[in-house]
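Spelled out, the chains give:
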Amino acid sequence: MRKPLVVALCALALAGAGATPAVAAAPSPTGADTTTGTAPATSLTDVVNDTVGAVADTLSGLTAPKSAAVNFAGTVSLSNCSGSVVRMPDSAASDPALVLTNGHCLESGFPAPGQVLTDRASSRTFGLLNASGAKVATLRADRLVYATMTDTDAAIYRLNTTYARIKSTYGIDPLTLSGSRPAVGTAISVVSGYWKRIYSCSVDGFAYRLKEGDWTWKDSVRYTSACDTIGGTSGSPVVDDATGKVVAVNNTGNEDGARCTVNNPCEVDRNGGVTVRQGINYAQQTYPFTACFTTGNRLDLSASGCTVPKP
């Protein structure tokens, strides 16, 4: 939910891509589909994204902090966000694969406060990355299973293929969502499929409420300052370095030090006290989703323990 980064424009200019592709593909840190009713990516957009991705490869190779244990396998790039192919703890290899990203990364624009979308047709495409960050395939969704920006900022797509088919064809396993809440001090990696960059830091704490513009999120993960995520990292999986499991999805940060505005979230405590932390970034926990999916990766919002917002 931040503005496009100047670095994205400069990178494209240096690559000789010209001004028009830069405008079309410049990412926003917390998602880029900022206009309601935005059409799904076209083949031209895919070409532009490949150009930006190539430039990102060069830049990240020069500047990106690397994690020894965590790599890019199973992450995906969207048109202007990041994401990952994920499985629930009990998902089977034969289940249709799922992709996790942010709710604000929807191709249709930001969900309104209080809005929860379920079981919608989608043909969204995702660039599947291998361990080194190279794109090895284009995956396609057939449904938007769930999306909201209320209490959390998450979207889950169902692909038109299975985990087993992805493994047999590309040799890539999905990332597993942890069923447990992360702890303060946990070493984590934020893995951006868009920029092909890994940020390494720790869980600094949790915001009881995180307010940004009209949206409010609950129990948000706050990073230590080393995870200085940028535009295009929205939707990146936040991986527990010790277990390799996904504990959150990256979504926002305070850019300018403003109070509770778009691009400048503020923390609100149980007593209503407000804290602004300029330059600090946040993610939304993902363990609640593990109680909401049953056999066959079917969403069941009435399942015991499923506490995510409902339509």
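Keep in mind that this is a model prediction, so the values were computed, not measured. Every residue gets a number counted from 1 within its own chain, in the order that chain's sequence is written. Two thresholds apply to this predicted model, a pLDDT of at least 70 for residue-level local features and 80 or more for giving and counting side-chain atom pairs, whereas whole-chain, interface and lining totals are computed over all residues. Each side-chain value is worked out from all heavy atoms of the structure, with water and hydrogens disregarded.

Quick look at the overall build of the protein
Thinking step 1. Comment: elements are numbered from the N terminus, with helices defined as DSSP H or I runs of at least four residues and strands as E runs of at least two. For the protein, the count of helices and strands is four helices and 18 strands.
Thinking step 2. Burial classes follow relative accessibility: with a 1.4 Å probe on protein chains only, a residue under 20% of its type's maximum area counts as buried, one over 50% as exposed, and anything between as partly exposed. For the protein, buried positions account for 55% of its 311 residues.
Thinking step 3. Contact definition: two residues touch when any of their heavy atoms are within 4.5 Å. Sequence separation of at least 24 residues holds for 69% of the intrachain contacts in the protein that already meet a minimum separation of 6.
Thinking step 4. Accessible area for the protein stands at about 12200 Å²; split by element, carbon and sulfur atoms hold 52% of it. For the area figures, the Shrake-Rupley method with a 1.4 Å probe applies, and any residue is considered shielded solely by the protein chains shown.

Some points on the nonpolar core
Thinking step 1. Core analysis: the biggest nonpolar cluster contains 49 residues, and Val85 and Phe293 have the highest contact counts within it.
Thinking step 2. Those elements that provide at least two residues to this core are strand S2 (82-87), strand S3 (96-101), strand S4 (116-121), strand S5 (125-129), strand S6 (135-148), strand S7 (154-162), helix H4 (163-170) and strand S13 (246-253).
Thinking step 3. Residue contributions to this core peak at seven residues, all from S6.
Thinking step 4. Residue contacts for phenylalanine 293: discarding those within four places in its chain leaves Met88, Leu98, Val145, Ile156, Arg298 and Leu299. Nonpolar core, defined: a set of buried Ala, Val, Leu, Ile, Met, Phe, Trp, Tyr and Cys residues in which side-chain atoms within 4.5 Å join the residues together.

Brief notes about the pattern of salt bridges
Two side chains carrying opposite charge are able to pair once their charged atoms lie near each other.
Thinking step 1. We define a salt bridge as a side-chain nitrogen of Lys or Arg found within 4 Å of a carboxyl oxygen belonging to Asp or Glu. By the definition in use, this model includes nine salt bridges.
Thinking step 2. Salt-bridge contacts for arginine 124 lead to glutamate 107; the nearest nitrogen and oxygen are separated by 3.2 Å. With arginine 124 in the loop between S4 and S5 and glutamate 107 in the loop between S3 and S4, the pair connects residues that are 17 residues apart, well separated along the chain.
Thinking step 3. Looking at arginine 124, the relative accessible area reads 4%, which means it is buried.
Thinking step 4. As a salt-bridge pair, aspartate 119 and arginine 143 come within 3.1 Å of each other at their nearest N and O atoms. Taken together, the residues aspartate 119 in strand S4 and arginine 143 in strand S6 connect sequence positions 24 residues apart.
Thinking step 5. Residues participating in the shared-partner salt-bridge network are Asp204, Arg222, Glu267 and Arg277.

A look at the side chain of asparagine 102
Thinking step 1. Mapped onto the elements, asparagine 102 comes out in the loop between S3 and S4.
Thinking step 2. For asparagine 102, a relative accessible area of 0% puts it in the buried group.
Thinking step 3. Within the structure, the side chain of asparagine 102 is placed 3.0 Å from the backbone oxygen of aspartate 153, a separation counted as a polar contact.
Thinking step 4. One polar contact links the side chain of asparagine 102 to the main-chain carbonyl oxygen of asparagine 250, over a distance of 3.1 Å.
Thinking step 5. Not counting the four nearest positions on each side in its chain, asparagine 102 is found in contact with Asp153, Ala154, Ala155, Ser234, Gly235, Val249, Asn250 and Asn251. Pairing of N or O atoms within 3.5 Å defines a polar contact, subject to two protein rules: one partner must be a possible hydrogen donor and the other a possible acceptor, and residues neighboring in sequence count only if both atoms are side-chain atoms.

Quick look at the environment of phenylalanine 293
Thinking step 1. Within the secondary structure, phenylalanine 293 is located in strand S17 (residues 293-294).
Thinking step 2. Taking the C-alpha atoms as reference, phenylalanine 293 lies 7.9 Å from alanine 303; in sequence the two are 10 residues apart.

Some details on unusual backbone geometry
Note: most peptide bonds trans; most residues except glycine with negative phi.
Thinking step 1. Located in the positive-phi region is aspartate 151, a residue other than glycine, with phi close to 70 degrees.
Thinking step 2. Mapped onto the fold, aspartate 151 is located in the loop between S6 and S7.
Thinking step 3. If you check the backbone angles, aspartate 219 has positive phi at about 55 degrees while not being a glycine.
Thinking step 4. Tracing the backbone shows aspartate 219 in strand S11 (residues 215-223).

Let's talk about the environment of valine 85
Thinking step 1. With respect to the helices and strands, valine 85 occurs in strand S2.
Thinking step 2. With 44 residues separating them along the chain, valine 85 and leucine 129 place their C-alpha atoms 9.9 Å apart.
Thinking step 3. Residues within four places of valine 85 in sequence aside, it is in contact with Gly74, Val76, Ala97, Leu98, Val99, Leu128, Leu139, Tyr163, Ile166, Pro174 and Leu175.

Here's the deal with the pairing of strand S12 (residues 237-240)
Thinking step 1. The alternating pattern of S12 places Pro237 and Val239 on one face and Val238 and Asp240 on the opposite face, and all of these are buried.
Thinking step 2. Strands qualify as paired when DSSP identifies two bridges or more between them. The pairing of strand S9 (residues 187-192) with S12 spans three bridges and is classified as antiparallel. Across the sheet, isoleucine 188 pairs through a bridge with aspartate 240, a residue of S12.
Thinking step 3. Sheet topology places S12 next to S13; three bridges connect them, and they run antiparallel. Paired with proline 237 across the strands is valine 249, a residue of S13.

Observations regarding the side chain of threonine 286
Thinking step 1. By the secondary structure assignment, threonine 286 is in the loop between strand S16 (281-285) and S17.
Thinking step 2. At a separation of 3.3 Å, a polar atom in the side chain of threonine 286 contacts the main-chain amide nitrogen of alanine 248.

Notes on the state of the cysteines
Thinking step 1. We call a pair of cysteine sulfur atoms a disulfide when they lie within 2.5 Å. Applying the stated criterion across every chain yields a total of four disulfides.
Thinking step 2. Disulfide pairing is shown between cysteine 81 and cysteine 105; the S-S distance is 2.2 Å. Looking down the S-S bond of the cysteine 81 and cysteine 105 bridge, the torsion is -85 degrees, so its handedness is left-handed. Taken together, the residues span a long stretch of sequence, with cysteine 81 in the loop between strand S1 (75-77) and S2 and cysteine 105 in the loop between S3 and S4 at a distance of 24 residues.

Observations concerning the pairing of S9
Thinking step 1. A large share of S9 lies buried, amounting to five of its six residues.
Thinking step 2. Two elements, S9 and strand S10 (residues 197-212), share six bridges in a ladder whose sense is antiparallel. Counted as the bridge partner of isoleucine 188 is cysteine 201 from S10.
Thinking step 3. Counting the residues that bridge the hairpin from S9 to S10 gives four residues, and of these lysine 196 lies at a positive phi of roughly 55 degrees.

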